[in-house]
Amino acid sequence: MPDWEKSSIARVIPPARPRKLAKAPFVELADGRLQGVVSSGSDIERVYVSSVTAGTYAFACSTNNNRPCGGARGSFCNHIRTLISEAVLQYGAGRVARYLRVELADGEPDADSITAQMSAARPAPDGTRAAAPVFSRFLRHLAYLELAPVTAPVPEMQWFPPTRVTA
């Protein structure tokens, strides 16, 4: 058994390239979507929760209290474009394209080509309200940043009982 399987800490995949957290403090590939929190370009106290569904490219963008984004009327707004760009920095263009099921022509994918291919499919707005759970996860991640770094297990993160006994 490899050492990392015996450890109580999770492996963290380093970002493909460093990114500035001021634009998009939270980006994740989860729940069949690219989703995250993006800062407002006009109001420092406002954030938007944006998402793009894999395969259909259905999109949603609203404030954290579910007020719709004024720019997401029939096409990707700047928040969603920023989310895609930051995801490419975080995970790499290939991984983002595979996760969202974007079929790209030959060549190295980048954020612009991924966005253009999805926009060409004329995606529909997503009627679901995914903002609340995504924003809740973002707040949970912020709470973990306030914890002091320790090597001992964090009781709050011990969700699952051990499945194996290590020798």
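It should be noted that the structure appears before, not after, this text.
Residues numbered from 1 in each chain as written. Predicted model: local features only at pLDDT ≥ 70, side-chain atom pairs only at ≥ 80, totals over all residues. Heavy atoms only, no water.

Trainee: Describe the pattern of salt bridges, naming the residues involved and giving the relevant values.
Mentor: Side chains carrying opposite charge are able to pair once their charged atoms draw close together. All told, the structure shown has three salt bridges when counted by the stated rule. Arg137 is paired through a salt bridge with Asp31; the nearest N and O atoms lie 2.9 Å apart. Here Asp31 lies in the loop between strand S1 (26–30) and strand S2 (33–39) and Arg137 lies in helix H5 (residues 131–145), a separation of 106 residues in the sequence. For Asp31, a relative accessible area of 53% gives the class exposed. Overlapping salt bridges bring together Glu28, Asp31 and Arg137 as one network. (Salt bridge = Lys/Arg side-chain N within 4 Å of Asp/Glu carboxyl O. Helix = DSSP H or I, 4+ residues; strand = E, 2+ residues; numbered from the N terminus. Buried < 20%, exposed > 50% of the residue type's maximum accessible area, 1.4 Å probe, protein only.)

Trainee: Go over the packing of aromatic side chains, please, and point to the residues and values.
Mentor: A complete count under the given rule lists three aromatic pairs for this structure. Seen from their ring centres, Phe26 and Phe138 are 5.8 Å apart, and the 45° between their planes marks the pair as tilted. Of this pair, Phe26 sits in strand S1 while Phe138 sits in helix H5, and the two are 112 residues apart along the sequence. A connected cluster of aromatic rings, assembled from ring pairs, spans Phe26, Phe135 and Phe138. (Phe/Tyr/Trp six-rings, centres within 6.5 Å; stacked < 30°, edge-to-face > 60°.)

Trainee: How would you summarise the sheet that holds S1 if you had to cite specific residues and measurements?
Mentor: Strand order in this open sheet of four strands is S1-S2-S3-S4, and the pairing throughout is antiparallel. Looking at strand neighbours, the two that pair on one side only are S1 and strand S4 (59–63), the edges of this open sheet. Going across the sheet, the axis of each strand differs from the next one's by a mean of 10°, ignoring polarity. In terms of strand pairing, strand S3 (residues 47–53) meets S4 through five bridges, oriented antiparallel. In the strand pairing of S4, Val49 is matched with Ser62. (Pairing = 2+ DSSP bridges. Axes fitted to C-alpha atoms, helices over the stretch in contact; angles between N-to-C directions.)

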